[in-house]
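The chain contents come next:
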Amino acid sequence: MKAADQFHLGIVSADIEQTTATLSRLLGYEWGIESGGPLTVTAPSGQLSVDIRCVYSTTVPRLEVIRAVEGTLWEPVSGGGIHHVGYWSDDVAADMAELTAAGYEVEAVRPGPGGAPMFAFLTAASGFRIELLTRAAESGLARCWAPMARRENGASR
């Protein structure tokens, strides 16, 4: 994992439409299609079923705005602001091990095919949260911020 692997800043919002509209009006951001759905993650407290919905900006630097899920780590940051920094990972398990050795705590892991972690959220004692996402998901996820996908699906914000 290195700085060049950073691909988005994540914002959790109770009102995704208002947040994206404000970012569009103030900063000129444009948005791809909303994606996501129900999934199960492993948290320190056990299995957790969550409905994660998000929209990525087609504008760079890339932003991800996630619909808040009350009672989970996907709640808005107190006072607003950046929830996490997302990084592509060639080996999520190895990057998780490196971060935990540096003092980070695992908050949630989504197993992928074969059981290898697909994504993970980890937080430092300072509150800095990192999302690791397998690079294998990059081509599929790119449809979420491709301008053509926005036009074809009629999505706009």
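Predicted model only: the values in this text are computed from it and were never measured.

Let us now look at the overall build of the protein chain. In terms of regular secondary structure, the protein chain is built from 4 helices and 8 strands. A compact globule built from 157 residues should have a C-alpha radius of gyration of about 15 Å, and the protein chain, at 15 Å, falls within 12% of that. In terms of principal-axis extent, the alpha carbons of the protein chain reach across some 40 × 35 × 30 Å. Looking at the protein chain as a whole, 46% of its 157 residues qualify as buried. Once local pairs closer than 6 in sequence are excluded, the contacts in the protein chain between residues at least 24 apart make up 61%. Total accessible area computed for the protein chain in this model is approximately 8,000 Å², and 54% of it derives from carbon and sulfur atoms. For the protein chain, the separation between the mean place of its 12 positive charges and that of its 18 negative charges on side chains is 8 Å.

Looking now at unusual backbone geometry. With an omega of 5°, the peptide bond running from V60 to P61 counts as cis. Relative to the elements of secondary structure, P61 occurs in the loop between β3 (46–57) and β4 (63–67).

Time to look at the pattern of salt bridges. Taken as a whole and judged by the stated rule, the model has 8 salt bridges. Among the ionic pairs, D5 bridges to R135, the shortest N-O distance being 2.6 Å. Residue D5 is found in the segment before β1 (6–13), and its partner R135 is found in the loop between β8 (129–134) and α3 (138–141); the two are separated by 130 residues along the sequence. Overall, the relative accessible area of 7% leaves D5 in the buried class.

Soluble globular proteins: nonpolar side chains tend toward being buried together. Judged by nonpolar contacts, the single largest core of 21 residues is most densely connected at F7, I52, Y56, W74, F119, L133 and L141. For this core, the secondary-structure elements that each account for two or more residues are β1, β2 (31–43), β3 and β7 (117–123). Per-element accounting of this core gives the leading share, 4 residues, to β3. Other than its neighbours up to four places away in sequence, Y56 contacts F7, H8, W31, G32, R62, L63, E64, L141, C144 and W145. Counting residues in hydrophobic clusters, the runner-up holds 12 residues, among them V85, L99, V109 and A124.

Time to look at the packing of aromatic side chains. Under the definition given, this model contains 4 aromatic pairs. Ring plane angle 85° and centroid distance 5.4 Å describe the contact between W74 and F121, whose orientation is recorded as edge-to-face. One end of the pair, W74, is in the loop between β4 and β5 (84–89); the other, F121, is in strand β7, and 47 residues separate them in sequence. Of the residues examined, F121 reaches a relative accessible area of 2% and is grouped as buried. The structure contains a cluster of three or more aromatic residues connected by ring pairs, namely W74, F119 and F121.

The predicted coordinates of low-pLDDT regions are not to be read in fine detail. In the predicted model, the protein chain carries a mean pLDDT of 90, and the fraction of residues at 70 or more is 93%. Within the model, the stretch residues 153–157 combines pLDDT values under 50 with 12 contacts to residues more than four positions away or in other chains.

Okay, the environment of D5 next. On a C-alpha basis, the gap between D5 and L132 in space is 9.6 Å, while along the polypeptide they are 127 residues apart. Setting aside anything within four residues of it in sequence, one finds D5 in contact with G86, Y87, W88 and R135. For D5, the side chain forms a polar contact with the side chain of R135, separated by 2.6 Å.

Quick notes on the rules
Residues numbered from 1 in each chain as written. Predicted model: local features only at pLDDT ≥ 70, side-chain atom pairs only at ≥ 80, totals over all residues. Heavy atoms only, no water. Helix = DSSP H or I, 4+ residues; strand = E, 2+ residues; numbered from the N terminus. Rg over C-alpha atoms; globule rule 2.2 N^0.38 Å. Buried < 20%, exposed > 50% of the residue type's maximum accessible area, 1.4 Å probe, protein only. Contact = heavy atoms within 4.5 Å. Areas by Shrake-Rupley, 256 points an atom, 1.4 Å probe, with all protein chains shown as cover. Lys, Arg positive; Asp, Glu negative; His and termini not counted. Charge placed at Lys NZ, Arg CZ, Asp CG, Glu CD. Salt bridge = Lys/Arg side-chain N within 4 Å of Asp/Glu carboxyl O. Core = buried A, V, L, I, M, F, W, Y, C linked by side-chain atoms within 4.5 Å. Phe/Tyr/Trp six-rings, centres within 6.5 Å; stacked < 30°, edge-to-face > 60°. pLDDT = per-residue confidence, 0-100. Polar contact = N/O pair within 3.5 Å; in protein donor to acceptor, adjacent residues only side chain to side chain.

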